[in-house]
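# Structure at a glance
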Amino acid sequence: QVQLVESGGGLVQAGESLRLSCTASGSILSINAMSWYRQAPGKQRELVATITAAGNTNYADSVKGRFTISRVNAVNTMYLRMNSLKPEDTAVYYCNTAIRGYYPWGRGTQVTVSS
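The shown structure was predicted, so the numbers you read here are calculated from the model rather than taken from an experiment. (Residues numbered from 1 in each chain as written. Predicted model: local features only at pLDDT ≥ 70, side-chain atom pairs only at ≥ 80, totals over all residues. Heavy atoms only, no water.)

## Quick word on the overall build of the chain
The number of helices and strands found in the chain is one helix and ten strands. Ordered by position from the N terminus, the helices and strands of the chain form the series β-β-β-α-β-β-β-β-β-β-β. In terms of overall dimensions, the chain is globule-like: its C-alpha atoms have a radius of gyration of 13 Å, near the 13 Å expected for 115 residues. Overall size of the chain, expressed as C-alpha extent along the three principal axes, is 40 × 25 × 20 Å. Put simply, of all contacts in the chain between residues at least 6 apart along the chain, 54% involve residues at least 24 apart. Element-wise, carbon and sulfur atoms account for 48% of the exposed surface of the chain, whose accessible area totals about 6,000 Å². (Helix = DSSP H or I, 4+ residues; strand = E, 2+ residues; numbered from the N terminus. Rg over C-alpha atoms; globule rule 2.2 N^0.38 Å. Contact = heavy atoms within 4.5 Å. Areas by Shrake-Rupley, 256 points an atom, 1.4 Å probe, with all protein chains shown as cover.)

This is the structure in structure tokens:
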């Protein structure tokens, strides 16, 4: 069974940066369109960014220009670089394929941005 593991979250102040990592058992990251999602308390899980197998990227309007999704197939890892963080970015961040929930969700990584 595929396991997704997110890491890199933490507590930061507004304006600071973080880089999240997503690793997976098996080589799924290189053959699938992969996405980052986030879920804030009391809200539904939302799509943040997607990267296709060809390397094309898409972002939610709320993070466009501040977040960058990338992948390194050689180490089977996907990243989310988050700059200029805002309190509204506070959420648990998850990775999965671009088909939401295609694989079992991991535990996610908590990102908390203080004002």
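Moving on, there is more to tell.
## A short note on the sheet that holds strand β10 (residues 109-114)
With respect to topology, six strands assemble into an open sheet ordered β2-β10-β9-β4-β5-β6, the strand pairing being mixed. Each edge of the sheet is formed by a strand with only one pairing partner; in this case those strands are β2 (10-13) and β6 (57-59). Direction aside, neighbouring strands of the sheet carry axes that sit 25° apart on average. By the bridge criterion, three bridges tie strand β9 (residues 91-97) to β10 in an arrangement that is antiparallel. (Pairing = 2+ DSSP bridges. Axes fitted to C-alpha atoms, helices over the stretch in contact; angles between N-to-C directions.)

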